[in-house]
Amino acid sequence: MEKLLDWISKEMMNAFEAAGYARELGKVSPSNRPDLCEYQCNGAMAGAKQYHKAPIMIANDVAAKLADSSVFEKAEAVAPGFLNLTLKNEFVGDYIKGMRAEEKYGLEEPKNPVKIVIDYGGPNIAKPLHVGHLRPAIIGESVKRIARYAGHDIIGDIHLGDWGQPMGLVINELKVRKPELVYFDESYTGEYPKEAPFTISELEEIYPYASKRSKEDAQYKAAAMECTFKLQNGVRGYRALWDHIIAISVVDLKKNYEKLNVEFDLWNGESTVHDLIPKMVAYMKEGGYAHISEGALVVDVKEETDTKEMPPCMILKSDGAALYNTTDLATIMMRMDVEKPDRLIYVVDKRQELYFEQVFRCARKTKLVNGDTQLKFLGFGTMNGKDGKPFKTRDGGVMRLENLIKEINDEMLKKITENRGVEDEEARQTAQVVGLAALKYGDLSNQASKDYIFDIDRFTSFEGDTGPYILYTIVRIKSILAKYQENGGNLETVRPNIKAPVSDSEKQLMLALAKYNASIEAAYEETAPYKICAYIYDLANAFNHFYHETKIIGEEDEAKKAGWIALLMLTRDVLETAIDLLGFSAPERM
Ligand code: ARG
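For every chain, the first residue of the written sequence is number 1, and numbering continues from 1 onward in sequence order. Local features in this predicted model are restricted to residues of pLDDT 70 or higher, and side-chain atom pairs are both shown and tallied only at a pLDDT of 80 or more, whereas totals for entire chains, interfaces and linings draw on every residue. Only hydrogens and water are removed before side-chain values are computed, so all heavy atoms of the structure are retained for them.

1. Some words on the site of the ligand
Reasoning step 1: Near residues are defined by distance, with any heavy atom within 4 Å of the molecule or strand qualifying the residue. All residues in the neighbourhood of the ligand are listed as Asp119, Gly122, Asn124, His159, Tyr324, Asp328, Tyr346, Val348, Gln352 and Phe356.
Reasoning step 2: A distance of 2.9 Å is found between a nitrogen atom of the ligand and a backbone nitrogen or oxygen belonging to Gly122.
Reasoning step 3: With respect to the ligand, the side chain of Asn124 contributes an N or O atom lying 2.9 Å from a nitrogen atom.
Reasoning step 4: Each helix corresponds to a stretch of at least 4 residues labelled H or I by DSSP, and each strand to a stretch of at least 2 residues labelled E; elements are numbered beginning at the N terminus. Where the shell around the ligand is concerned, the elements lending two or more residues are helix H11 (324–338) and strand S10 (343–349). In the analysis that follows, any N or O atom pair within 3.5 Å is treated as a polar contact, provided that within protein one partner can donate a hydrogen and the other can accept it, and provided that, for residues neighboring in sequence, both atoms belong to side chains.

Okay, structure coming up:
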């Protein structure tokens, strides 16, 4: 379905043309003065020079051509030469009726669907998830859902940090604690036990301990590096132990991501490409892309136009060890071979921007990707506390994600119980649903690249630009619809009955709804979930305004009431579809 703004621009362009002026001048934009008109066109001002005419004369000519327009109720030329536009109610009603009839409410299927791999989440094995993992999960999940809904072929890959130094630290500490384990007997040739010799809580305790100790104790650190080396070189027992570490961690990660309503199609990690590294290194050497610099193997990625420092991309360290770069490049090579994407999107902390610039340049230069493969870095900012510094626990530690979620759910439960006067199982479940919306909306309503302040009071508020406010609006609509049914109304039969608006607030609600396809398209094209937040916030406001001005259930004219019920159903469906794209859902009541 054509976007509303395009539709009305076309009507305006036709008028410019009919009056003898260039079509391009007829571009329409939303009004700067919503008190005077709904839309405006400044084309007459722009055309004055070209036609050697006062803008108001051009505007008058165009307005005359629009006297019997089926789109504009009013097209008014005002000094010095603006065209102030008000849409016809019938036109708006028809547009919304058209939206209702379409599966995706007027969003068109893409002409050229593309295949996209989204790399997001990026947790590190054996370390508990902390608040730093919240943003890549929330943003990546939403970007994935938006692109998929927009009609593209999407693969979300978690890209686990499962292969580096932390693995060696954990294995070494296990060796210190339980040297008798069969995994450390390098002469052992039998099968290893199916059961892991540790639990997830042990793992989570081991990593920080080992990490701290390795910083203080050089000998301990050397032993851990030796373990990493053995693991990466395929020593059987170390691999078997590592398999346990991965299996146990993945079960726990899945549980945690599930709570966040985050789902990955692929659970690949840095280790997945380990065996591809020699092949990639050979390819880079043979192609003449890589050379030795101070013992290390590097690819130069500097370009003449660079104004900032652009260090070479290191492929192998002087001791021959692979780095974070190496696994990322090998992963690109694998993805191009297996998934063959048109586009790769990385949702990673914006502090890694320069790093990804190097990796992308290197991938292009070495032709790991095709000339037209798009590489996109979507860098996100930091979640700060109220003091403006990265969010910490009360005693200054790194906050575990579970605890953060619990804090927000507890606050939500408090507010919901205050509203209802009872705390029961249903209230607890509702608090989780609304808590997730509070958390995700609080994040996604900001431009991803910006830092934002985690403000639990604001995020959980039922008023303002918040998740709970959006859900509250949906629940309100659901309760009106339920009442309509209780009174004998049939929702299915009234569903298509949308009519031309009869009040200004109803028309404003429709105009807010009509921006659906344009907003989703922009959110997809700009990888910007915040655009969907802005859309639903406006829509929720427009709905609540209409609701306060209109006695819906009390309306005696049944046909009129049915039209409103149909409009409410569409509003509910659009809001629910949009929040699903953000990765949360609405309860039945709050
Ligand atoms: N595990 C990494 C970290 O903790 C993030 C991974 C980001 N993705 C990637 N392809 N490098 O910093």
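2. Brief notes about the sheet that holds strand S1 (residues 28–30)
Reasoning step 1: Taken in spatial order, the four strands line up as S1-S2-S4-S3 in an open sheet, and their pairing is antiparallel. Across the chains shown, the open sheet's two edge strands, defined by having one partner strand only, are S1 and strand S3 (72–78). Direction aside, the axes of adjacent strands within the sheet are offset by 30° on average.
Reasoning step 2: We treat two strands as partners when DSSP finds at least two bridges between them. With three bridges connecting them, S1 and strand S2 (residues 39–41) associate as antiparallel partners. If you follow Pro30 over to S2, its bridge partner there is Tyr39. Orientation is described by lines fitted to C-alpha atoms, with helices fitted over the stretch in contact, and by angles between N-to-C directions that extend from 0 to 180 degrees.

3. Focus: unusual backbone geometry
Outside of glycine, negative phi angles account for most residues, and trans bonds account for most peptide bonds.
Reasoning step 1: That bond from Ala79 to Pro80 is cis: its omega, -5°, falls within 30 degrees of zero.
Reasoning step 2: Positive phi is not limited to glycine here, since His52 has a value of about 50°.
Reasoning step 3: With respect to the helices and strands, the residue His52 is situated in the loop between helix H2 (43–51) and helix H3 (55–65).
Reasoning step 4: Each residue is assigned to one of three classes by its accessible area relative to the maximum for its type, calculated with a 1.4 Å probe on protein chains only: buried under 20%, partly exposed between the two thresholds, exposed over 50%. His52 gets classed as exposed once you look at its relative accessible area, which sits at 73%.
Reasoning step 5: Phi at His159 is positive, roughly 45°, even though this residue is not glycine.

4. Structural notes on the sheet that holds strand S9 (residues 313–316)
Reasoning step 1: Here three strands make up an open sheet; going across it, the order is S7-S8-S9 and the pairing antiparallel. The open sheet has two edge strands with one neighbour each: strand S7 (290–293) and S9. With direction set aside, neighbouring strand axes in the sheet form an average angle of 45°.
Reasoning step 2: Summarising the sheet, S7 and strand S8 (residues 296–299) pair through four bridges and their orientation is antiparallel. Paired with Ala290 across the bridge in S8 is Val299.
Reasoning step 3: Contacts between residues were defined by any pair of non-hydrogen atoms, one from each residue, lying within 4.5 Å. The sheet strands contacting helix H12 (residues 353–365) are S8 and S9, and the helix crosses S9 at an angle near 70°.

5. Some words on the packing of aromatic side chains
Reasoning step 1: Ring geometry is summarised as follows: Phe, Tyr and Trp rings, the Trp one being its six-membered ring, pair when their centres sit within 6.5 Å, and such pairs are stacked at plane angles under 30 degrees, edge-to-face over 60 and tilted between the two. By the definition in use, this model includes 28 aromatic pairs.
Reasoning step 2: Look at Phe184 and Tyr238: their rings are 6.0 Å apart centre to centre, the planes differ by 80°, and that puts the pair in the edge-to-face class. Of the two residues, Phe184 is situated in the loop between helix H6 (165–177) and helix H7 (200–216) and Tyr238 in helix H9 (residues 236–259); the sequence distance between them amounts to 54 residues.
Reasoning step 3: Relative accessible area serves as the criterion here: at 11%, Phe184 is assigned to the buried category.

6. Looking at the packing of helix H16 (residues 467–486) against helix H21 (residues 558–582)
Axes are the key here: two packed helices are described by the angle between their axes and the distance separating the axes.
Reasoning step 1: Between H16 and H21, whose axes approach to 10 Å, the crossing angle comes to 145°. Considering only the axes of H16 and H21, their crossing is left-handed. Counted together, Ile470, Leu471, Thr473, Ile474, Ile477, Lys478, Ile480, Leu481 and Tyr484 of H16 and Lys561, Ala562, Ile565, Leu568, Met569, Thr571, Arg572, Leu575, Glu576 and Ile579 of H21 form the full contact between these two elements.
Reasoning step 2: Split into classes, the residues belonging to the contact of H16 with H21 amount to 13 nonpolar, two polar and four charged. By convention, the crossing between two helices is left-handed when the near helix turns anticlockwise from the far helix through less than a right angle, and right-handed when the turn is clockwise. Three residue categories are used. Nonpolar comprises Ala, Val, Leu, Ile, Met, Phe, Trp, Tyr, Cys and Pro, charged comprises Asp, Glu, Lys and Arg, and polar comprises the others, including Gly.

7. Details of the environment of Phe91
Reasoning step 1: Note on placement: Phe91 falls in helix H4 (residues 89–101).
Reasoning step 2: For Phe91, a relative accessible area of 9% corresponds to the buried category.
Reasoning step 3: In this structure, the C-alpha to C-alpha distance between Phe91 and Glu180, residues 89 residues apart in sequence, is 80 Å.
Reasoning step 4: Setting aside anything within four residues of it in sequence, one finds Phe91 in contact with Leu4, Trp7, Ile8, Ser70 and Val71.

8. Thoughts on the environment of Lys230
Reasoning step 1: Positionally, Lys230 belongs in helix H8 (residues 218–232).
Reasoning step 2: Apart from the residues lying within four places of it in its own chain, the contact partners of Lys230 are Glu186, Val235 and Tyr238.
Reasoning step 3: A distance of 2.8 Å separates a polar atom in the side chain of Lys230 from a polar atom in the side chain of Glu186.

9. Structural notes on the pairing of strand S5 (residues 115–119)
Successive side chains on a regular strand alternate, one facing one side of the sheet and the next facing the other.
Reasoning step 1: With four of five residues buried, S5 lies mostly within the body of the structure.
Reasoning step 2: Where S5 and strand S6 (residues 153–157) come together, five bridges link them in parallel fashion. Counterpart to Lys115 in the pairing with S6 is Asp153.
Reasoning step 3: A crossover counts as right-handed when, viewed with the strands pointing away from the observer, the path leading from the first strand over the helix to the second turns clockwise. Of the crossover connections in this fold, the one passing from S5 over helix H5 (residues 134–149) to the parallel S6 is right-handed.
Reasoning step 4: Relative to S10, S5 runs parallel, the two being bridged by four bridges. Of the residues in S10, the one forming a bridge with Ile116 is Arg343.

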